[in-house]
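Listed below, chain by chain, are the residues.
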Amino acid sequence: MPLLVMKFGGTSVADLARIENAAQKVQREVERGYDVIVIVSAMAGKTNELVGWVNQTSPFYDAREYDAVVSAGENVTAGLMALRLQEMGVPARSWQGWQVPIQTTSQHSSARFVDIPRANIDAKFAEGMKVAVVAGFQGVSPENRITTLGRGGSDTTAVAFAAAFGAERCDIYTDVDGVYTTDPRITTRARKLEKISFEEMLELASLGAKVLQTRSVELAMRYKVRLRVLSSFEDTDETSGTLVCDEEEIMESKVVSGVAYSRDEAKVTLITVEDRPGIAAAIFGPLAEAGVNVDMIVQNISEKDYEDHPGAVTDMTFSCPVDQVERARRAVEAARDAGTIVYDDLVVDTDVAKVSVVGIGMRSHAGVASRMFKALADENINIKVIGTSEIKISVLVDRKYLELAVQTLHDAFELEKAG
Ligand code: ADP
Ligand code: ASP
Ligand code: MG
């Protein structure tokens, strides 16, 4: 039997009526002759509620118990989806991660897949089951504890199942009808893309476009999964939505293909650090040990007066997610208290956001950076930090300019027009 993986995100299963709507989409594929693996998220808002409960109960929680709690939302949806399908006359069964068993590493709250054994689910398909409903976002560690895959992780569950079961396609049903040139909630001029390359989608996702979890795109790229994003609220067929595919399959040739943003960033600066070999390692080693995901790093000649610093000094700036900034501050201060680093001041700015332009065309085109900076300058948006890689340019700006910056860059690169 040909097999499809269909994943439904939180808003697509937000209540019983929406679960029924999703189940009808699944039933249609069964009627077309597919066996289906359905991956479900928790109902919209549930995971946030569970995370809130954990934080209220235990601010510095045991990550194993965090996973035990926050994985629960998906379990409810999986059971309800299986029941709804059964009511519709579709032979269906639900699986929680441990029942498959979905084996992961033991990095709680950001675990990675190790293996997805097919035997249990295949045996049920062989007995006539048409739909396996699997709880997304979760697995089980070698220590036999429940793990979760990081926020948005159900996308990754879907792609991993598509790879493990050799699915014809992995369809990600969500509350938008595809991948757009930027978040359609920020500008109505955002344009839906027919296709996007794995590389660009990977950058957009890792720079904040939450339509797909970054790891899901990595897996799809590695295992050549045909990955599609489409709407759960519209009638859809094989041509709907956006296909994430190899660069060679894409005709469009824009230098920049999308704008991504990440709202909750923080910028941390150590003022007047000694400029000597080993200083960066002395700062970023403890940050890594504290589990801080450092993103952009800038080292520059210190603005401060040199006179009271006989040796060379530098300012060191880095960015990280705003909810990790206290951990970052503690790690840096502990290093200072231990005497491994010396600085005058620690300046923390928690009101910044990151805006990025992405495009594989940047590999062969100059002038993208200057066009980006000019567009932001024309709107009087100050750039605080700049970071670049082969196919992206990112800037940190004050959070209050986030929407304006995204809209401005979308216009500056004429993304509303097909290339
Ligand atoms: P789900 O609950 O289905 O997993 P998410 O909320 O995780 O859905 O992802 C879908 C959301 O991603 C959309 O509602 C949209 O606001 C946001 N988004 C951000 N960037 C983009 C983009 N470039 N294209 C489409 N959606 C985007
Ligand atoms: N429910 C989880 C989350 O909100 C996983 C997911 O929906 O993909 O992050
Ligand atoms: Mg999601």
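Please read all numbers here as calculations on a predicted model, not as lab measurements.

Calculation notes
- Residues numbered from 1 in each chain as written.
- Chains lettered and ligands numbered in written order.
- Predicted model: local features only at pLDDT ≥ 70, side-chain atom pairs only at ≥ 80, totals over all residues.
- Heavy atoms only, no water.
- Near = heavy atom within 4 Å.
- Polar contact = N/O pair within 3.5 Å; in protein donor to acceptor, adjacent residues only side chain to side chain.
- Areas by Shrake-Rupley, 256 points an atom, 1.4 Å probe, with all protein chains shown as cover.
- Nonpolar A, V, L, I, M, F, W, Y, C, P; charged D, E, K, R; others polar.
- Core = buried A, V, L, I, M, F, W, Y, C linked by side-chain atoms within 4.5 Å.
- Buried < 20%, exposed > 50% of the residue type's maximum accessible area, 1.4 Å probe, protein only.
- Contact = heavy atoms within 4.5 Å.

Caption draft 1: Layout of the site of ligand 1. In the region of ligand 1, 16 residues are neighbours, and Thr 174, Asp 175, Tyr 180, Asp 183 and Arg 185 sit closest. In the environment of ligand 1, a nitrogen atom lies 2.9 Å from a nitrogen or oxygen atom belonging to the backbone of Tyr 180. Considering ligand 1 on its own, with 570 Å² of exposed area, one finds that the protein chains cover 89% of that surface. Within the shell around ligand 1, the residues separate by chemical class into six nonpolar, five polar and five charged.

Caption draft 2: Structural context of the nonpolar core. Membership of the largest hydrophobic core comes to 44 residues, with the highest contact counts inside it found for Val 5, Ile 37, Ile 121, Phe 161, Cys 170 and Met 201. Those residues within four positions of Cys 170 in sequence are excluded, and the remaining contacts are Val 5, Ala 158, Val 159, Ala 162, Val 225, Arg 226, Leu 227 and Arg 228.

Caption draft 3: Up close: the site of ligand 2. In the neighbourhood of ligand 2, the contacting residues comprise Ser 41, Ala 42, Thr 47, Glu 74, Phe 137, Arg 151, Gly 152, Gly 153 and Ser 154. Interatomic distance of 2.8 Å between a side-chain N/O atom of Thr 47 and a nitrogen atom of ligand 2. The separation between an oxygen atom of ligand 2 and a polar main-chain atom of Gly 153 is 3.4 Å. Starting from 260 Å² of accessible surface for ligand 2 in isolation, the protein chains cover 87%. Residues that form the shell around ligand 2 fall into these classes: two nonpolar, five polar and two charged.

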